[in-house]
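Close look at the chain arrangement
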Amino acid sequence: MSTITSLIHSIPVDPQTGAIAVPIYQTSTFVQDAPGVNKGYDYARSNNPTRETAEKIIAHLEGGAAASAFASGLAAIDAVIKLLKSGDEIVAVDDIYGGAFRLFHKVYEKFGIKVHYVDTADTQAVFQAITPATRLIWLETPTNPTLKISDIAAISRIAKASNCLLCVDNTFASPVLQQPLALGADLVIHSATKYLGGHSDLIAGVVVAKTPQLGEEIKFYQNACGAILSPFDSFLLIRGIETLHLRIRQHVASAQTIAEYLEQHPAVDKVFYPGLPSHPGHELAKQQSKGFGGIISFTLKDDSAEAATAFVTGTRYFKLAESLGGIKSLVSHPATMTHKSIPAEKRKAAGVSDSLIRLSVGLEEATDLLADLEQAFTHLRQTASAETALPA
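Keep in mind the model is a prediction, meaning the values are calculated, not measured.

Some points on the overall build of the protein chain
- Counting secondary structure elements, the protein chain contains 14 helices and twelve strands.
- If you line up the protein chain on its principal axes, its C-alpha atoms span 85 × 50 × 40 Å.
- Looking at the protein chain as a whole, 54% of its 392 residues qualify as buried.
- Looking at the protein chain alone, contacts between residues at least 24 apart form 72% of all its contacts between residues at least 6 apart.

Here it is in structure tokens:
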């Protein structure tokens, strides 16, 4: 059976009514037959049929034993870090999502959890960063926003030899393109706000565990800390997942076309997209994933925040906004948006320069998006010319 058919038929028909769409169980509590005797549900924070269905579908997608759905991607990350204790250490990707950096640095470091940031595209650097206290390796691959590729299988071997967990943020690739658990990871997290939801209309996060035991531990923190996904948002997430494969196919095809266009543009300095043979992780990405994703980053030859701002405010179809993975194309300036919470020296050392621009390629026709980018480059050139013409 194909993965698309398998996904569609993993979404159940409602056994009570025959409804082909998953019902929204918008309730806070459930009537019990006797004290402690119920139909599998007692209170909606602990479990809810709509959320449980979403979790089972995503666990199936990732090839995991269990999944837990949260109110945001950061809530999902938070649940994973709660597996650790004071004195434990994390080896984390240096080109890390700004929200994760803020959570690690501002929240968990004060509780005695130390984080070492390394370039995880360099497997040897990961190995050298391991200490006797390391309990978790944290990967994003591809990374946000410079699209570095880390060798999941090789790093999973390091994790196992070091008796620590490997968690992979699979948001950018999605389970359609990459299966970290099959490559040796213990945990996968998603900002389900992005490709899984796919329509920019919900905030959600998911943790998928490889084993039932790990799944139970995450489920405990989901219930104990309460950052659950609501029934309605669970329904929206299921609705989005139903078309995931088709959407990813178009995202990838258009992104490849746009990356090739950017690579030859005279105003562009560097293009970060794993689908380009010039990308240092291109061959590895071909080995461990089925496609290269819908996110592209690039820098300008005028490496300034001013030039980047002129570009991102000059697009028409690429909307200037946080987030990614929706049907509408988005553009962002990480240095002043998603990665603003990271100190400038750390940000630049990780490759996030002042002029770096991130594109989330949507489902519009690629020719229309190319035309939009071209007119934005024209706007940039005209802005630069006007500034040059100003009297000193």
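A few points about the sheet that holds strand E1 (residues 66-70)
- Sheet architecture is open: seven strands sit in the order E1-E7-E6-E5-E4-E2-E3, paired in mixed fashion. Two strands bound the open sheet, and with one partner strand each, they are E1 and strand E3 (114-118). Shown here is a sheet whose adjacent strand axes are inclined to one another by a mean of 20 degrees, direction ignored.
- As defined by bridge partners, strand E5 (residues 165-169) adjoins strand E6 (residues 187-191) across three bridges and the pair is classed as parallel. Pairing of Val168 across the sheet is with Val188, part of E6.

A few points about the packing of helix H2 (residues 49-62) against helix H9 (residues 231-241)
- One way to put it is that H2 packs onto H9 with a least axis distance of 8 Å and a crossing angle of 35 degrees. In the crossing of H2 with H9, the sense of the turn from one axis to the other is left-handed. Contact residues: H2 offers Thr50, Arg51, Thr53, Ala54, Ile57, Ile58 and Leu61, while H9 offers Pro231, Ser234, Phe235, Leu237, Ile238 and Ile241.
- Residues belonging to the contact of H2 with H9 are distributed by class as follows: nine nonpolar, three polar and one charged.

A look at the sheet that holds strand E11 (residues 330-332)
- With mixed pairing, the five strands of this open sheet are ordered in space as E8-E9-E12-E11-E10. Edge positions in the sheet fall to strand E8 (268-272) and strand E10 (319-320), since each of these pairs with one other strand and no more.
- Note: E10 against E11, two bridges, orientation parallel. Paired with Leu320 across the bridge in E11 is Val331.
- Relative to the sheet, helix H10 (residues 244-263) contacts E8, strand E9 (295-300) and strand E12 (357-360), its axis offset from that of E9 by approximately 10 degrees.

A look at the pairing of E1
- The buried fraction of E1 is high, at four of five residues.
- The pairing of E1 with strand E7 (residues 205-209) spans five bridges and is classified as antiparallel. Its bridge partner being in E7, Ala67 is matched across the sheet by Val208.

Description of the pattern of salt bridges
- Applying the stated criterion to the full structure yields eleven salt bridges.
- The salt bridge involving Lys148 is made with Asp94; its shortest N-O contact spans 3.5 Å. One end of the pair, Lys148, is in the loop between strand E4 (134-140) and helix H6 (152-161); the other, Asp94, is in the loop between strand E2 (89-93) and helix H4 (98-108), with 54 residues separating them in the sequence.
- Residue classification places Lys148 among the buried positions, given a relative accessible area of 19%.
- Judged by its relative accessible area of 22%, Asp94 is partly exposed.
- A salt bridge links Asp354 to Lys348; the shortest N-O distance between them is 3.6 Å.

Quick notes on the nonpolar core
- Grouped together as the largest cluster of nonpolar side chains are 82 residues, with contacts concentrated most on Ile137, Leu262, Ile296, Phe298 and Leu359.
- Residue contributions to this core peak at eight residues, all from H10.
- Of all hydrophobic cores here, the second largest spans 30 residues; its members include Phe70, Val80, Ile113 and Ile342.

Side note on helix H8 (residues 212-225)
- Here H8 is 14 residues long and its end C-alpha atoms lie 20 Å apart, about the 20 Å a rise of 1.5 Å per residue gives.
- Considered for burial, the residues of H8 that qualify are Leu214, Gly215, Ile218 and Gln222. Viewed end-on, H8 has its buried residues packed into an arc of 100 degrees, placing them on one side of the element. Turned more than 90 degrees away from the buried face of H8 sit Pro212, Gln213, Glu216, Phe220 and Ala224, all of them exposed.
- Contacts from the buried residues of H8 go to H2, E1, helix H3 (73-81), E5, E6 and E7.
- Phi turns positive one or two residues past the end of H8, at Gly226, with a value near 85 degrees.

Quick notes on the rules
All residue numbers here refer to positions counted from 1 along the written sequence of the relevant chain. The predicted origin of the model limits local features to residues at a pLDDT of at least 70 and limits the giving and counting of side-chain atom pairs to 80 or more, whereas totals for whole chains, interfaces and linings rest on all residues. Each side-chain value is worked out from all heavy atoms of the structure, with water and hydrogens disregarded. Put simply, DSSP H or I for four residues or longer makes a helix, DSSP E for two residues or longer makes a strand, and each gets a number counted from the N terminus. Burial status follows relative accessibility: with a 1.4 Å probe on protein chains alone, a residue under 20% of its type maximum counts as buried, one over 50% as exposed, and anything between as partly exposed. The contact criterion used is simple: two residues touch if any of their non-hydrogen atoms lie within 4.5 Å. Two strands form a pair only when DSSP identifies at least two bridges running between them. Only the stretch in contact is used when a helix axis is fitted, and all axes are lines through C-alpha atoms; the angle between N-to-C directions ranges over 0 to 180 degrees. For a crossing to be left-handed, the near helix must be turned anticlockwise from the far one by less than a right angle; the clockwise case is right-handed. Throughout this entry, Asp, Glu, Lys and Arg are counted as charged residues, while Ala, Val, Leu, Ile, Met, Phe, Trp, Tyr, Cys and Pro are counted as nonpolar. The remaining residues, Gly among them, count as polar. Salt-bridge detection follows one rule: a side-chain nitrogen of Lys or Arg within 4 Å of a carboxyl oxygen of Asp or Glu. For this analysis, a nonpolar core means a set of buried residues of the types Ala, Val, Leu, Ile, Met, Phe, Trp, Tyr and Cys, connected via side-chain atoms within 4.5 Å. A helix is expected to reach a length of 1.5 Å times the quantity of its residues less one. Think of the arc as the fan of directions from the helix axis to the C-beta atoms.

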